[in-house]
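So the chains spell out like this:
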Amino acid sequence: MDKLKQAIIEQGVVVSDQVLKLDALLNHQVDPQLTMEMGRQFADLFRSEHVTRVVTVESSGISIAFATAYALGVPLVFARRKKSLQVESEVLCERVPSFTKGMVTDLLISKEFLKENDRILFIDDIIANGDAARGLIRIIERSGATLIGAGIVVEKCFQPGANALRESGIRLESLAKIASLEGGKIVFAE
């Protein structure tokens, strides 16, 4: 997706050889037009899979997941990272390390929002090591729903997360693949 790659080049900040800050684009400020375009792209990629729900992790994946769910005409469910007083006791929970936060967090989804007959599309902003993705996948599996695939806005190819999911048989589609951040330069794969 050329428009996305251009936005990454113009607005992304290379923090280190491992970290790309996309606050101006995905994680703090959101470009609504680009986000809706990305949602349509994911919807087109997975439309034939008869998705019944889009699932993401709070909070950076919500805007893209919303755009995808809107384009597919299905509900969006997001995993919370903290249990609040309003979260029911019947939740599916996984404890996962966060690459960007540098800490362990819980992912929680109420059992009422994932059903056995659901066909789930997982959408997220960035995949690095894939810990949050694997935690969310375990939640989906425990709910009895079927994961039909994952859509990731930015795949960091030099980190193991995306390949680990693919090797486990999960269809993973990325809109932008980054091969390297070495020397402060964004290098796209393919």
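Every value quoted in this text rests on a predicted model; they were computed, and no experiment measured them.

Criteria and thresholds
All residue numbers here refer to positions counted from 1 along the written sequence of the relevant chain. Reporting of local features is limited, given that this is a predicted model, to residues whose pLDDT is at least 70; pairs of side-chain atoms are given and counted only at 80 or more, and all residues count toward the totals for whole chains, interfaces and linings. Side-chain metrics rest on all non-hydrogen atoms present in the structure, leaving aside hydrogens and water. Elements are defined by DSSP. Helices are runs of H or I of four residues or more, strands are runs of E of two residues or more, and each kind is numbered from the N terminus. Taken over C-alpha atoms, the radius of gyration is set against a globule rule of 2.2 Å times the number of residues to the power 0.38. Think of it in three bands: with a 1.4 Å probe and only protein chains considered, a residue is buried below 20% of the maximum accessible area for its type, exposed above 50%, and partly exposed in between. The contact rule is simple, with two residues in contact once any of their heavy atoms fall within 4.5 Å. Per-residue and other accessible areas follow the Shrake-Rupley method at a 1.4 Å probe size, with only the shown protein chains counted as cover for residues. We count Lys and Arg on the positive side and Asp and Glu on the negative side, and we leave His and both chain ends out. The atom standing in for a charge is NZ when the residue is Lys, CZ when it is Arg, CG when it is Asp and CD when it is Glu. By this rule, a helix spans an expected 1.5 Å times one less than how many residues it contains. Put simply, buried Ala, Val, Leu, Ile, Met, Phe, Trp, Tyr and Cys residues joined by side-chain atoms within 4.5 Å make one nonpolar core. Working convention: axes come from line fits to C-alpha atoms, limited for helices to the stretch in contact. Angles between N-to-C directions cover 0 to 180 degrees. To sort the angles, those under 35 degrees are grouped as roughly parallel, those over 145 as roughly antiparallel, those from 65 to 115 as roughly perpendicular, and the leftovers as oblique. Helix crossings get a hand from a simple test, with the near helix turned counterclockwise from the far one by less than a right angle marking a left-handed crossing and a clockwise turn marking a right-handed one. Residue polarity is assigned by list, with Asp, Glu, Lys and Arg as charged and Ala, Val, Leu, Ile, Met, Phe, Trp, Tyr, Cys and Pro as nonpolar; anything else, Gly included, falls into the polar class. Here a strand pair is declared whenever DSSP counts at least two bridges between the two strands. Seen with the strands pointing away from the viewer, any crossover whose path from the first strand over the helix to the second strand runs clockwise is right-handed. Centres within 6.5 Å make a pair out of two Phe, Tyr or Trp rings, where for Trp the six-membered ring is used; the pair is then stacked when the planes are under 30 degrees apart, edge-to-face when over 60, and tilted otherwise. Look at NZ for Lys and CZ for Arg. If either is within 6 Å of the ring centre and within 35 degrees of the ring normal, a charge sits over the ring.

Enquirer: Describe the overall build of the protein chain, listing the residues and the values that go with them.
Expert: A count of helical and extended segments in the protein chain gives six helices and ten strands. The C-alpha atoms of the protein chain give 16 Å as radius of gyration, which agrees with the globular expectation for 190 residues (16 Å, within 12%). Summarising its shape, the C-alpha atoms of the protein chain cover approximately 45 × 35 × 30 Å along the three principal directions. Considering the protein chain as a whole, with its 190 residues, one finds that 45% of them fall into the buried category. Relative to all contacts within the protein chain whose residues are 6 or more apart in sequence, the contacts with residues 24 or more apart total 63%. Accessible surface, the protein chain: about 9400 Å² in total, of which carbon and sulfur atoms supply 49%. On the protein chain, the mean spot of the 23 positive side-chain charges and the mean spot of the 25 negative ones are 3 Å from each other.

Enquirer: Mind laying out helix α5 (residues 131-143), listing which residues take part and the relevant values?
Expert: The terminal C-alpha atoms of α5, which comprises 13 residues, lie 19 Å apart, in line with the 18 Å expected from a rise of 1.5 Å per residue. Buried within α5 we find Ala132, Ala133, Gly135, Leu136, Ile137, Ile139, Ile140 and Ser143. Immediately downstream of α5, the backbone of glycine 144 shows phi near 90°, a positive value.

Enquirer: Give me the nonpolar core: which residues, what numbers.
Expert: The biggest cluster of nonpolar side chains holds 29 residues, and the ones touching the most others in it are Leu4, Ile8 and Val54. If you list the elements that add at least two residues to this core, you get α1 (2-11), α2 (23-27), α3 (32-46), α4 (62-72), β7 (119-127), β8 (146-156) and β9 (172-180). When residues of this core are assigned to their parent elements, the largest contribution, five residues, is made by α3. Not counting the four nearest positions on each side in its chain, valine 54 is found in contact with Ala65, Thr68, Ala69, Leu72, Val74, Pro75, Leu76, Val77, Leu121 and Ile123.

Enquirer: Break down the packing of α3 against α4 for me, with residues and values.
Expert: Packed helices, taken two at a time, are described by their axes: the angle between them and the distance between them. Where α3 contacts α4, the axes come no closer than 7 Å and their chain directions differ by 55°. Between α3 and α4, the crossing angle belongs to the class labelled oblique. Read as a crossing pair, α3 and α4 show a hand that is right-handed. Of the residues in α4, those in contact with Thr35, Met36, Met38, Gly39, Arg40, Phe42 and Ala43 of α3 are Ser63, Ile64, Ala67, Thr68, Tyr70, Ala71 and Leu72. Of the residues assigned to the contact of α3 with α4, the class counts are nine nonpolar, four polar and one charged.

Enquirer: I'd love a proper account of the pairing of strand β4 (residues 76-79), names of residues and values included.
Expert: For a regular strand, the rule is simple: side chains alternate between the two faces of the sheet. Where burial is concerned, the two faces of β4 differ: the one with Val77 and Ala79 is buried and the one with Leu76 and Phe78 is not. Summarising the sheet, strand β3 (residues 53-57) and β4 pair through four bridges and their orientation is parallel. When the sheet's bridge partners are listed, threonine 56 is paired in β4 with phenylalanine 78. Following the backbone out of β3, through α4 and into the adjacent parallel β4, one traces a crossover that is right-handed.

Enquirer: How would you explain the packing of aromatic side chains if you had to name every residue and give the values?
Expert: Per the stated rule, a full pass over the model turns up one aromatic pair. Measuring from centroid to centroid gives 6.3 Å for phenylalanine 66 and tyrosine 70, while their planes differ by 25°, and the two rings are stacked. One end of the pair is phenylalanine 66 and the other is tyrosine 70, both in helix α4 and four residues apart, which spans about a single turn. Here lysine 5 stacks its cationic end above the ring of phenylalanine 188, 5.5 Å away from the centre of that ring. Cation over ring: arginine 171 sits above phenylalanine 46, and NZ or CZ is 4.2 Å from the ring centre.

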